[in-house]
Amino acid sequence: MAISDFDLVLFGGTGDLSMRKLLPALYARDRARDLPPEARIVCLGRDEKTREEFIQIVEKDSKPHVPAANLDKAVWERFCNRLQYASVNAKDGASFVHLKEALRDTEGLARVFYLATPPSLFASICENLSKGGLVTPASRVVLEKPLGRDLASARDINAQVGRYFQESQIFRIDHYLGKEAVQNLLALRFGNVLFEPLWRREWISDVQITIAEELGVGGRFDYYDTSGALRDMLQNHLLQLLCIVAMEPPVSNSADAVRDEKLKVLRSLKRFTPTTLAMNVVRGQYRAGHVNGVAVPGYRKEADANPDSRTETYVAVKAEIDTWRWAGVPFYLRTGKRMADSLAEIVVRFKSVPHSIFAHQNDTPNCLVIRLQPDEGLHMNLMAKQPGDGMRLRPVELELDFREKFKTPRMDAYERLLLDVLRGHLTLFMRSDELEAAWEWVEPILNHWDQQEADPVPYNAGTWGPAAASALIGRDGLQWREEA
Ligand code: BG6
């Protein structure tokens, strides 16, 4: 679907996210000729700058994030011609006059306000946009995480933004939903008949969802220390992946059909009590270690670190979904910084055959691994007969490497999500009730940790996390995939 003409306004237009992700993603889409000729991008910052000064900043801070192979002089020039700069202070209504001057006042033109700012500024930005007469029924607003730090603050954001924008105008970003591989998961589940009949408690024994990162938090300590792995990764990215794995088939691919089903999963997650929390949640923090052979400091020794910090850099949770489809099937979720490898994957382990006709043979249950990062693919373990005399079974792997299969260029998550915002497609964005349901489920964990006043358990950088996490899954007679 072609995109109609628009003015895209980037609050936080000189910030890190705009320079590293948003402008390079928009350049990529300009290069692919997805942007209409007249479309403009108005970047906002607090400082007074001329347009030329701003373009110089973009050349210095954003251009290096465009892959060299994609840089084309003429396209870059065309892209820069779309860029405007205006100095606006989110909290000063009078300064919005500069934005008004920069915008074209074409009736019905789609105006997208992208708030790449701390959430503490969302309310004043929306209020000042509205007071300045800049919000029209054709306007959209995009909210970047963190969307709250608990249920109350998430509700607050929803209420404040909701005062000026209808739900159908609000795009809450979770960049994991824009990843090709996550989209592919929908295709796998709902574009094939093969998996659906087996996708239930009768045939699936457990599911593991992992997002592991080799990176530490160097350079982002201030933000990260007030957040931690639970708020930064689990409440959003991991729970969104869990929803897509566990949801019922939606009636269509429409935004509300998909989001209704995801919401039901979030609402069916078994609530933790103080007793079940102790058994089912592990909070870890990395100590010094080696990642890829390089010595790295512990979390408390990172630059600008608080040496007594209790912020978790790792979290593992055993979640359960109280529905007919999933009752009794554990969903093990984990994420951490400074782990042994950088990967994101979903492992669906099936049950053993109900009755084996092959005596004295090891039974390795079937297992489907959906690899999201770094190499997008599917691996499926099956049992096969070993060639030769006798009937000996052994596990074999069916492999599907998506990069091999589809040679077409990939889209970055932000490219896809920005296109969807510009087209007005909401399917890949969280609805207000989803956001609140996710916070409602994680909140008892946060409260428990606050009350406990205990340090997170340590793990060495460059490992797969704390021993307590192996014990968590080990109590059910299982192992994390990398430890098996
Ligand atoms: C962000 C988190 O949302 O996701 C970061 O704030 C994390 O801490 C990042 O590193 C991971 O995203 P990706 O796409 O690199 O897996």
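What you see is a predicted model; the values in this text were computed from it and never measured.

What counts as what
- Residues numbered from 1 in each chain as written.
- Predicted model: local features only at pLDDT ≥ 70, side-chain atom pairs only at ≥ 80, totals over all residues.
- Heavy atoms only, no water.
- Helix = DSSP H or I, 4+ residues; strand = E, 2+ residues; numbered from the N terminus.
- Rg over C-alpha atoms; globule rule 2.2 N^0.38 Å.
- Contact = heavy atoms within 4.5 Å.
- Areas by Shrake-Rupley, 256 points an atom, 1.4 Å probe, with all protein chains shown as cover.
- Lys, Arg positive; Asp, Glu negative; His and termini not counted.
- Charge placed at Lys NZ, Arg CZ, Asp CG, Glu CD.
- Buried < 20%, exposed > 50% of the residue type's maximum accessible area, 1.4 Å probe, protein only.
- Pairing = 2+ DSSP bridges.
- Right-handed = clockwise from strand over helix to strand, strands pointing away.
- Near = heavy atom within 4 Å.
- Polar contact = N/O pair within 3.5 Å; in protein donor to acceptor, adjacent residues only side chain to side chain.
- Nonpolar A, V, L, I, M, F, W, Y, C, P; charged D, E, K, R; others polar.
- Axes fitted to C-alpha atoms, helices over the stretch in contact; angles between N-to-C directions.
- Parallel < 35°, antiparallel > 145°, perpendicular 65-115°, else oblique.
- Left-handed = near helix turned anticlockwise from the far one by under 90°.
- Core = buried A, V, L, I, M, F, W, Y, C linked by side-chain atoms within 4.5 Å.
- Domains from an automatic or database assignment.
- UniProt positions renumbered as here; feature names shortened; annotations may be inferred.
- Salt bridge = Lys/Arg side-chain N within 4 Å of Asp/Glu carboxyl O.

> Would you explain the overall build of the protein in this entry?
Scanning the protein from terminus to terminus reveals 15 helices and 17 strands. A compact globule built from 484 residues would reach a C-alpha radius of gyration of about 23 Å, and the protein, at 24 Å, matches this within 12%. C-alpha extents for the protein along the principal axes are approximately 80 × 50 × 45 Å. Considering only contacts in the protein between residues 6 or more positions apart, those separated by 24 or more positions represent 77%. With an accessible surface of roughly 21,900 Å², the protein has 51% of that area assigned to carbon and sulfur atoms. Here the protein carries 62 positive and 67 negative side-chain charges, and the mean point of each set is 2 Å from the other.

> What is the right way to read the pairing of strand β1 (residues 6–11) from this model?
The side chains of a regular strand alternate between the sheet's two faces. Of all 6 residues that make up β1, 6 are buried, and the element is covered over most of its length. Here β1 shows two buried faces, one formed by Phe6, Leu8 and Leu10 and the other by Asp7, Val9 and Phe11. Sheet topology places β1 next to strand β4 (residues 110–115); 6 bridges connect them, and they run parallel. Among the inter-strand pairings, Phe11 is bridged to a residue of β4, identified as Leu115. Summarising the sheet, β1 and strand β2 (residues 40–45) pair through 5 bridges and their orientation is parallel. When the sheet's bridge partners are listed, Leu8 is paired in β2 with Ile41. Crossover handedness for the path β1 to helix α1 (residues 16–31) to β2: right-handed.

> Whenever I open this one, the site of the ligand confuses me. Can you help?
Around the ligand, a shell composed of Lys145, His175, Tyr176, Lys179, Glu213, Arg220, Asp232, Met233, His237, Lys337 and Gln373 is seen. A distance of 2.8 Å separates an oxygen atom of the ligand from a polar side-chain atom of His175. Take Lys179: an N or O atom from its side chain is 2.6 Å from an oxygen atom of the ligand. The dominant element in the shell around the ligand, judged by the number of residues it contributes, is helix α9 (residues 228–246), at 3 residues. Per-class residue counts for the shell around the ligand are 2 nonpolar, 3 polar and 6 charged.

> Which parts of the structure should I look at to understand the sheet that holds strand β5 (residues 139–143)?
In sheet architecture, strand pairing relies on hydrogen bonds along the backbone and comes in two forms, parallel and antiparallel. Strand order in the open sheet formed by 6 strands is β3-β2-β1-β4-β5-β6, and the pairing between neighbours is parallel. Edge positions in the sheet fall to β3 (83–87) and β6 (170–172), since each of these pairs with one other strand and no more. Direction aside, the axes of adjacent strands within the sheet are offset by 20° on average. Judged from the 5 bridges that link them, β2 and β3 form a sheet pairing that is parallel. The residue bridging Leu44 from the neighbouring strand is Ala86, located in β3.

> Explanation requested: the packing of α9 against helix α14 (residues 432–452) in the structure shown.
For the pair α9 and α14, interaxial distance at closest approach is 10 Å and the crossing angle is 140°. Classified by the angle between their axes, α9 and α14 sit oblique to one another. In this structure, α9 crosses over α14, and the sense of that crossing is right-handed. Only Glu434, Leu435, Ala438, Trp439, Trp441, Val442, Ile445, Leu446 and Trp449 of α14 make contact with α9, whose side of the interface consists of Leu230, Arg231, Leu234, Gln235, Leu239 and Gln240. Class assignment for the residues of the contact of α9 with α14 results in 11 nonpolar, 2 polar and 2 charged.

> I keep staring at the nonpolar core and nothing clicks. Help me out?
Across soluble globular proteins, nonpolar side chains have a tendency to be buried as a group. In terms of nonpolar packing, the biggest core is built from 151 residues, with Phe11, Leu23, Leu99, Phe113, Tyr114, Phe331 and Leu368 touching the most fellow members. Among the elements that make up this core, the one with the highest residue count is α9 (12 residues). Counting residues domain by domain, this core receives three or more from each of domain 1 (6–144) and domain 2 (177–410 + 431–483). Dropping the residues within four chain positions of it, Phe331 is found in contact with Val207, Leu242, Val245, Ala246, Val317, Lys318, Ala319, Ile321 and Trp326.

> What am I meant to see in the UniProt feature "domain: Glucose-6-phosphate dehydrogenase NAD-binding" (unreviewed entry) in the protein here?
Mapped onto this structure's residue numbering, the UniProt feature "domain: Glucose-6-phosphate dehydrogenase NAD-binding" (unreviewed entry) falls at residues 9–184. End C-alpha to end C-alpha, residues 9–184 measures 31 Å, and it is 40% helix and 16% strand.

> In this structure, what is going on with the side chain of Glu312? I would like to understand it.
Along the chain, Glu312 turns up in the loop between β10 (294–296) and β11 (314–319). It is Arg283 that comes nearest to the buried, bridge-free Glu312 among opposite-charge side chains, at 5.0 Å. Among the polar contacts listed, one links the side chain of Glu312 to the backbone nitrogen of Leu230, at a separation of 2.8 Å. Residue contacts for Glu312: discarding those within four places in its chain leaves Tyr224, Ser227, Gly228, Ala229, Leu230, Arg231, Arg283, Gly284 and Trp449.

> Explanation requested: the side chain of Gln208 in the structure shown.
Within the secondary structure layout, Gln208 lies in strand β7 (residues 204–212). Exposure remark for Gln208: the relative accessible area of 1% places this residue in the buried category. A distance of 3.1 Å separates the side chain of Gln208 from the backbone nitrogen of Arg481, its partner in a polar contact. If we ignore the near neighbours within four places in the chain, the residues touching Gln208 are Tyr332, Arg334, Glu345, Ile346, Val347, Ile473, Gln479, Trp480 and Arg481.

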